[in-house]
Structures are given as structure tokens and as C-alpha cells.
Amino acid sequence: MTKKHLLYVEDDATIAFLTKDFLENQYEVTHCSDGEEAITCFMQNTFDLCILDIMLPKKDGFEIAKFIRQKNQEIPIIFLSAKTMKEDRIKGLKLGADDYLVKPFSMEELQLKIEVFLQRSQKSSNAASNYTIGNFTFYPANFELVSEATKVQLTEREAMLLQMFLDNIGNVLKREVILTKLWGSDDYFSGRSLDVFVSRLRKIFKDHPDIKFENIPRIGFRLVI
């Protein structure tokens, strides 16, 4: 079974080593030591849960959580912090965190909370795993678009791109965000490949004038239904 992937952000080397060593018995853990590194890492990888310290170099945990929530409303976020003020806890929860543990914390308690939120996230993901778009049902797990008349087999990257659009209907997706998430790099050749993939999606839905993949010049794309 593939291990769940955790983003762990902590600048204290000793705490980071001990916590990462404990968690790696059960999870894949990517550790970052400052806020800017964490944001870059989040954009370039897929994570199942985020664990954030608050007091960090460059960008603090609150800024990271705000950024993550702008990109992903579902991924669980747990704060681990020495900040004990009620106002800090409330601020973290208002930013979309799922829980807030005060240092020093129990490793066993942290693991229990991780499991609770991963299970909750998995149930939510399973419940909303398929999409309806026009007269198609989109099955992202199988890379398929199915209607009564036809079945379209997508490539994995086409399916990921379509799912990204469907998760952000009406919102502009910046080219660099799409390219970094799906291609891993924002360069000329990846950009041309993205244009081809968008054209492919437009062709699939050409008989549905109410489904539009709009080009936003020099910025990106937007799915409008």
C-alpha cells in the first residue's frame, strides 16, 4: 500500500528530526524548514496532509495555511506551535486549519489526529470522486469520460488537467500553476504542451457550447459552464 504523503514544516532542527523520524514509520514525510520552501514544495508535489509550525523564517505558518487553502480546500492542516494564546489558536482555525497542537506535544496524539483527518479526507474524496460535466460523467480514477453515446479514454495528464479545471470552475487557473502542478516545470516546451492539452479538451466538448475553456491572455485559462 502506498504511504500517505505528509508535508511537515518546522525550523527547529531537533524537533524536526525527532518528529520526522517518528512519522516515517508510517508515512512518507517531506520536511521543509522555512515558509517559502514549504510553498514551493506544496506546488510541486501532491500531499495528503500538512503539518505546520507557526513561527518560521521567510513566511510563517499562517501565511502558508492561507496559501494552501487558496489552492486546496480539502487537504487537512494541523498546526504544531509553541504559541499558546487563544487568539493564535482561533486565527489558525479561521484560516482553515483542522487542528492546533501546542508544543510540547505527544507523538502518539499527533499520529492519532493524523489518522483521524486522513480517514475523514479519504471518505470525503471517495464521496465526490466522480464529476458530471455536460452529458458526460468524468471518472478521474479511470481517466474516462462516459456518456450514453460514447466513452473517451483520456491520458493521465489530460485527466489531471480536466479535474483541475472542474475543481476550479469559474476561477482563472494561472499557466505557471498548472505547469508546475502537472508538468513539474514552467518552461516553453511545457507551455506548448499545455496548449495542446487544452485544445484536446475543447475538441472533446465541441458539441457543448455551454462548456467553455476560456483563454485569459498572458495569464491562463478558465472553465466556464
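Given the structure is predicted, the values throughout are model-derived calculations rather than measurements.

Tell me about the overall build of the protein, and please be specific about residues and values.
If you tally the helices and strands in the protein, you get 8 helices and 12 strands. A principal-axis box enclosing the C-alpha atoms of the protein has dimensions of 60 × 35 × 30 Å.

Any details on the sheet that holds strand β4 (residues 77-81)? Residues and values, ideally.
Strand order in the open sheet made by the 5 strands is β2-β1-β3-β4-β5, with parallel pairing throughout. Taken across any chain shown, the strands that pair with only one partner, and hence form the sheet edges, are β2 (28-32) and β5 (99-102). On average, each strand axis in the sheet is tilted by 20° relative to the strand beside it, whichever way the strands run. Two elements, strand β3 (residues 49-52) and β4, share 3 bridges in a ladder whose sense is parallel.

Break down helix α7 (residues 175-183) for me, with residues and values.
In an α-helix, one turn spans 3.6 residues, which is why side chains three or four residues apart end up on the same side. Burial analysis of α7 places 7 of its 9 residues in the buried class, the great majority of the element. Looking at α7, one finds that the buried residues are R175, V177, I178, L179, T180, L182 and W183. For α7, the secondary structure elements touched by its buried residues are α2 (35-44), α3 (61-71), α6 (156-166), β10 (172-174), α8 (188-204) and β12 (220-224). Within two residues after α7, G184 carries a phi angle of roughly 85°, on the positive side.

So what about the packing of aromatic side chains? Which residues, and what values?
Overall, the coordinates contain 8 aromatic pairs when judged by the stated rule. Ring plane angle 40° and centroid distance 5.9 Å describe the contact between F205 and F213, whose orientation is recorded as tilted. Here F205 and F213 have matching classes, each one buried. Taken together, the ring pairs in this structure connect F136, F165, F205 and F213 into an aromatic cluster. Seen from the ring of F42, K181 lies directly overhead, with NZ or CZ sitting 4.7 Å from the centre.

I'd love a proper account of unusual backbone geometry, names of residues and values included.
Following K103, the chain continues into P104 via a peptide bond in cis, with omega recorded as -5°. Positionally, P104 belongs in the loop between β5 and α5 (107-127). Unlike most non-glycine residues, K58 shows phi in positive territory, near 75°. By the element assignment, K58 lies in the loop between β3 and α3. Located in the positive-phi region is F143, a residue other than glycine, with phi close to 60°. Turning to its location among the elements, F143 is positioned in the loop between β7 (136-139) and β8 (144-146). Of the residues examined, F143 reaches a relative accessible area of 26% and is grouped as partly exposed.

Tell me about the environment of M55, residues and numbers included.
Along the chain, M55 turns up in the loop between β3 and α3. When its relative accessible area of 46% is taken as the criterion, M55 is described as partly exposed. Separated by 21 residues in the primary sequence, M55 and D34 have C-alpha atoms spaced 9.2 Å apart. When residues no more than four places from it in sequence are discounted, the contact partners of M55 are D11, A82 and K83.

Explain the nonpolar core to me, using residue names and the numbers behind them.
Ranked by size, the top nonpolar core spans 52 residues in total, and within it L145, L161, L162, F165, I178, F205 and F213 carry the most contacts. With 6 residues, α6 is the largest single contributor of residues to this core. In this view, F165 contacts L173, V198, L201, F213, F221, R222 and L223; residues no more than four positions away in its chain are not counted. In this structure, Y8, L23, I51 and M107 belong to the second largest nonpolar core, which totals 17 residues.

Break down the sheet that holds strand β11 (residues 212-216) for me, citing the residues and quoting the values.
The strand order across the open sheet built from 3 strands is β10-β12-β11, with neighbouring strands paired in antiparallel fashion. Strand pairing shows two members of the sheet lacking a second neighbour, β10 and β11, which therefore form its edges. Adjacent strand axes in the sheet meet at a mean angle of 25°, parallel and antiparallel pairs treated alike. Bridge analysis of β10 against β12 gives 3 bridges, and the strand direction is antiparallel. What sits directly across from K174, in β12, is G220. Of the strands in this sheet, β10 and β12 are in contact with α7, which crosses β10 at around 60°.

About the thresholds
Residues numbered from 1 in each chain as written. Predicted model: local features only at pLDDT ≥ 70, side-chain atom pairs only at ≥ 80, totals over all residues. Heavy atoms only, no water. Helix = DSSP H or I, 4+ residues; strand = E, 2+ residues; numbered from the N terminus. Pairing = 2+ DSSP bridges. Axes fitted to C-alpha atoms, helices over the stretch in contact; angles between N-to-C directions. Buried < 20%, exposed > 50% of the residue type's maximum accessible area, 1.4 Å probe, protein only. Contact = heavy atoms within 4.5 Å. Phe/Tyr/Trp six-rings, centres within 6.5 Å; stacked < 30°, edge-to-face > 60°. Lys NZ or Arg CZ within 6 Å of the ring centre and 35° of its normal. Core = buried A, V, L, I, M, F, W, Y, C linked by side-chain atoms within 4.5 Å.

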